Structure formats: structure tokens, C-alpha cells
Amino acid sequence: MTSLQNDQNTDFFNNLGTEARRILVEHSNEIRYKPGEIIFHEGDTSRSIYILLSGTCEVLKQDEVVNHIRPEEVFGEIATLGEGKRTATIRAAEEAVVLELSGNGLQVVLSVYPDVLNSLIRKLADQASRMSDREAGIRKEQKALQDVEKSLLPDPALFNESTRFSIESRWQPLVYASGDYCDVISLGDERYLFVIGDVMGHGAMTSVTLATVRGELRALSSRESSPRSIITSLDGHLLKHGPHNIPITLLVALVDGNTLTARYCNAGHTEPMLYRDGRVELLAGIHGPMLGFGLSQESEYGEDTFNLCQGDRLLFFTDGLTEARKGPDPQKDMLGMEGLQGIYQDICRNQAGQVLDTVFLAVDGFRRGYEAKDDATGLLLYVN
């Protein structure tokens, strides 16, 4: 015998008569869960509806707690509408008593007692209202995080006094926050440090890692003499103080307007593209290992140098551009390096002034409506 036969401790059942309860109990099962125990996983096939009789449960999406379930709340209600997939994972936060009702049993009760449907609708509407309020708060926090990341993009005003260079940047996050990182640091006397990187993943956790990288890199730029020494020191710092086993690609370039040269060190990042005299070439150079694993202790980073010319347009970017797809096949439907190279070359040939927004629009056009799968960031240096 379940608790429903002795105690009406959920609003949903307040209007049920004795016969309705009897039919419902025939299709129900009372289960106790220990703290931390999973009730069902996100993506599971939906077969039942649940009512929390006591305790508290957590709602998780992609392993992050996004909500809590209190006693008397109904959850897993998608089962009342037919077969489907669980949209979240439910985990007991403390010892919890849950009533599991089969979808078939609930349908039987609803067909015999139509008034119960009104009770269910009111209950779900109340839950939806409260969830909407909580989600509005979450969206506000996510928007604030996105605004913070956007404010960290390079400021074109940094080059107002420069006679050699100008820049533009574009940031296109997949969700509210991004693991993409681009930065420009003025070292004085027409010398600038250009940085582009990518922390694997999306969302809030990548923002934490990105903040660690940005803060330490800016500190290093004031005392290290070369891109190679900056990346080597940063890798050592991440090994001691950063998140473990989170891959980070990074390219650091020191651009000097007095000598019109650029020195760069590449830690597993996508090669930049240089437009000059009507053609685009990849600056392949030497690749070192990604950051975050301490591999620099086993394999030293290399450094490359190249000359700059008036009229050059140097594009640093993340792989969200080259991995743009117009369909589900990652081989046949992907833009790739050659595709982006062609787009960039055509636009530079035919458009004066700033071109980065046009490049992003062309990549979006290539997708033909197929949704993006990754963050995309571009940082473009113009040599005047």
C-alpha cells in the first residue's frame, strides 16, 4: 500500500475520489532514493510521471544543476503526452520518497475522471510559471556573463595613435558564453601582442578557464620577451594553477610597426591567413603542443618570423569558421581551410575598407541555414 491511500500530501490528488485513487495506486510504485542517487537520466525514454512526496531533488542539464524539485511537485510529465525523451537528469539531493506512476495508469484515470485533467493542468501551469521566473533569472545572469566576455574583445581605439596598424574583431558565441579568446595588448612604441585561442567546450566553465588564461597572459606580457617564452610560461602556470586536462589552443604574435615584422608562436591553434597582393596564404610555421597538459616540458615551442607590407590583411581566427557546415556530413559538408581561404581572398579583392563582417556573413551564407556547431571568432590586422 502506498502513501497515497493514507495521506493526501500532494495538491494534484486533492480532488481524487476513492475509486480514482484505487485505479491510480494499481499503476504506481513508491520508491526511496538515497542522496546522490539518479531517478532518471537526460535522454532516457519517458515512460512515467513522478511526484516527489518528501525530500528534495536536483534538475541537471549537461551535468549542471539548473533547478530544484520540492515536495508535492510533479515531474517527468512528458509521459502524459506520449513517448518522448527526458529533457533533464533528476537526482536526489537528500533522501527522497518518490511516487512513480505509469503513463498508462495515468491515462486510465484521466479517461475515467476528466476533472483530474484540470487538476493536472493547474499543477503544471503553476510549475511552469515558477520555472519561467527561475529561467528568467538564469537568462539574466547568462546575459551578464556574455556582456562581460564581449567587453573583453580588443578595442579598435587602441590603435587611434598608430600610424601603421588598425584592427577589427568579431565574436560569435554558440551559447551565452564562449571558450574563444582574442586579445590585443599594447607594448608601446608601435609594438602589439596579438592573441587568439580556443578553450575546448562552451558555457560557464570555459569562461572560468578563459579568465585564467587572459589574466596570466597579460601579466606575462609585461615581463616576457617573446611569444615563445610567453606561451611556455603560460603552459607551466596552467599546469600548476589551471584546470586540468582541458585542451587549450593558443597563438601569440608580436607585431612591430617599426620593423614591420611579426614573430609568432603557435600552441596547436589554426594557422592565420595573410592577404597580400590579391592572394591569401597560410602562415603554417611551427606547431607546438596544446596548452593544459604540461607538454612543453617534453617538447619545446618554436617561433617563426615574417615581414609585413603595406596593404597586408592578417586574419587570426578560431576553427568555428573553418568547421562551418551546410549539412550533417563532417567531410562533404564542411567549409574547411580551403573554403575559408577562397571566401577571404574574394572579399579582400573586391572590398575596400573593413572586411571581417563580410567574411562572417559569407560563412553564415555557406551554412544555408544549417545551425552552427561551435563558437567563431576573428581578429583582423590591417597594415596601413
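Basis of the calculations
- Residues numbered from 1 in each chain as written.
- Predicted model: local features only at pLDDT ≥ 70, side-chain atom pairs only at ≥ 80, totals over all residues.
- Heavy atoms only, no water.
- Helix = DSSP H or I, 4+ residues; strand = E, 2+ residues; numbered from the N terminus.
- Buried < 20%, exposed > 50% of the residue type's maximum accessible area, 1.4 Å probe, protein only.
- Contact = heavy atoms within 4.5 Å.
- Areas by Shrake-Rupley, 256 points an atom, 1.4 Å probe, with all protein chains shown as cover.
- Axes fitted to C-alpha atoms, helices over the stretch in contact; angles between N-to-C directions.
- Parallel < 35°, antiparallel > 145°, perpendicular 65-115°, else oblique.
- Left-handed = near helix turned anticlockwise from the far one by under 90°.
- Nonpolar A, V, L, I, M, F, W, Y, C, P; charged D, E, K, R; others polar.
- Polar contact = N/O pair within 3.5 Å; in protein donor to acceptor, adjacent residues only side chain to side chain.
- 1 Å grid on protein atoms, 1.4 Å probe; cavity = no way out; pocket = protein on both sides within 12 Å on 5 of 7 lines; lining within 4 Å.
- Points joined across faces, edges and corners; volume = space filled by probe spheres on them.
- Phe/Tyr/Trp six-rings, centres within 6.5 Å; stacked < 30°, edge-to-face > 60°.
- Patch = residues over 30% accessible without salt bridge, like charges linked within 9 Å, V, L, I, M, F, W, Y side chains within 5 Å.
- Salt bridge = Lys/Arg side-chain N within 4 Å of Asp/Glu carboxyl O.
- Expected span 1.5 Å × (residues − 1).
- Pairing = 2+ DSSP bridges.

Considering the overall build of the protein chain
Along the backbone of the protein chain there are eight helices and 19 strands. For the protein chain, the proportion of its 384 residues judged to be buried stands at 48%. Residue pairs in contact within the protein chain that sit at least 24 positions apart in sequence constitute 72% of those at least 6 positions apart. As displayed, the protein chain has an accessible area near 18,600 Å², and 48% of this comes from carbon and sulfur atoms.

Remarks on the packing of helix α7 (residues 336-350) against helix α8 (residues 356-367)
With their axes 10 Å apart at the nearest point, α7 and α8 run at an angle of 135° to one another. When the axis of α7 is compared with that of α8, the two are oblique. Crossing handedness for the pair α7 and α8: right-handed. From α7, L340, I343, Y344 and I347 reach across to α8, where they touch T358, V359, A362 and V363. In terms of residue class, the contact of α7 with α8 is made up of seven nonpolar, one polar and no charged.

Remarks on the side chain of S229
Examined against the element boundaries, S229 turns out to sit in helix α5 (residues 227-241). Judged by its relative accessible area of 18%, S229 is buried. A polar side-chain atom of S229 sits 2.8 Å from the main-chain carbonyl oxygen of S226.

Some words on empty space enclosed by the protein
All chains considered together, the criterion is met by one cavity of 30 Å³ or more. Roughly 90 Å³ of internal volume is contained in the largest cavity. Taken together, E149, L152, L153, W171, D180, Y181, C182, L210, R214 and T377 make up the full set of residues lining the largest cavity. Every element with two or more residues in the lining of the largest cavity is listed here: β10 (180-188) and α4 (204-221). Residue composition of the lining of the largest cavity, by class: six nonpolar, one polar and three charged.

Describing the packing of aromatic side chains
For the coordinates displayed, the defined rule picks out eight aromatic pairs. With 5.4 Å between their ring centres and 40° between their planes, F40 and Y50 make a pair best called tilted. In this pair, F40 is assigned in strand β2 (residues 38-40) and Y50 in strand β3 (residues 48-54), connecting sequence segments 10 residues apart. Judged on exposure class, the residue F40 and its partner Y50 are both buried. Consider the rings of F40 and F75, whose centres lie 6.1 Å apart with planes at 35°: the pair is tilted. Taken together, the residues F40 in strand β2 and F75 in strand β6 (residues 74-75) connect sequence positions 35 residues apart. Classification of F40 by relative accessible area gives buried; the value is 7%. Overall, F75 belongs to the buried group, its relative accessible area being 5%. Clustering of aromatic rings is evident, with ring pairs tying together F159, F165, Y192, F194 and F316.

Quick notes on a nonpolar patch on the surface
Taken together, the side chains of M290, F293 and L295 define a hydrophobic patch exposed on the protein surface, amounting to about 210 Å² of accessible area. Summarising the element assignment, L295 is placed in the loop between β16 (287-288) and β17 (304-307). Residue L295 is classed as partly exposed on the basis of its relative accessible area, which comes to 33%.

A look at α5
Between its terminal C-alpha atoms α5 stretches 21 Å, which fits the 21 Å expected from 15 residues at 1.5 Å a residue. Looking only at α5, the buried set comprises P227, S229, I230, I231, L234, D235, H237 and L238.

As for the layout of surface pockets
Any empty space left between the atoms is revealed when a probe the size of a water molecule rolls over them. Looking at the second largest pocket, its volume works out to about 230 Å³. Taken together, 15 residues line the second largest pocket, and the ones lying closest to its centre are D198, M200, T249, D319 and D374. By residue class, the composition of the lining of the second largest pocket is four nonpolar, six polar and five charged.

Some words on the sheet that holds β2
Here four strands make up an open sheet; going across it, the order is β2-β7-β4-β5 and the pairing antiparallel. Of all the strands in the sheet, the pair left with one neighbour each is β2 and β5 (64-69). Adjacent strand axes in the sheet meet at a mean angle of 35°, parallel and antiparallel pairs treated alike. As judged from the five bridges shared by strand β4 (residues 57-61) and β5, these two strands associate in the antiparallel manner. Counted as the bridge partner of K61 is E64 from β5.

Considerations on the pattern of salt bridges
It is possible for side chains of opposite charge to pair when their charged atoms get near one another. Under the criterion given, the structure shown has 10 salt bridges. E58 is the salt-bridge partner of R91, the closest N and O atoms lying 2.8 Å from each other. Note that R91 is positioned in strand β7 (residues 89-92) and E58 in strand β4, a separation of 33 residues in sequence. Taking relative accessible area as the criterion, R91 reaches 25% and is therefore assigned partly exposed. E58 sits in the buried class, given a relative accessible area of 16%. Linking D364 and R367 is a salt bridge whose minimum nitrogen-to-oxygen distance equals 2.5 Å. Of the two residues, D364 and R367 both sit in helix α8, three residues apart, roughly one turn of that helix. Through salt bridges with shared partners, a single ionic network connects D183, R214 and R218.

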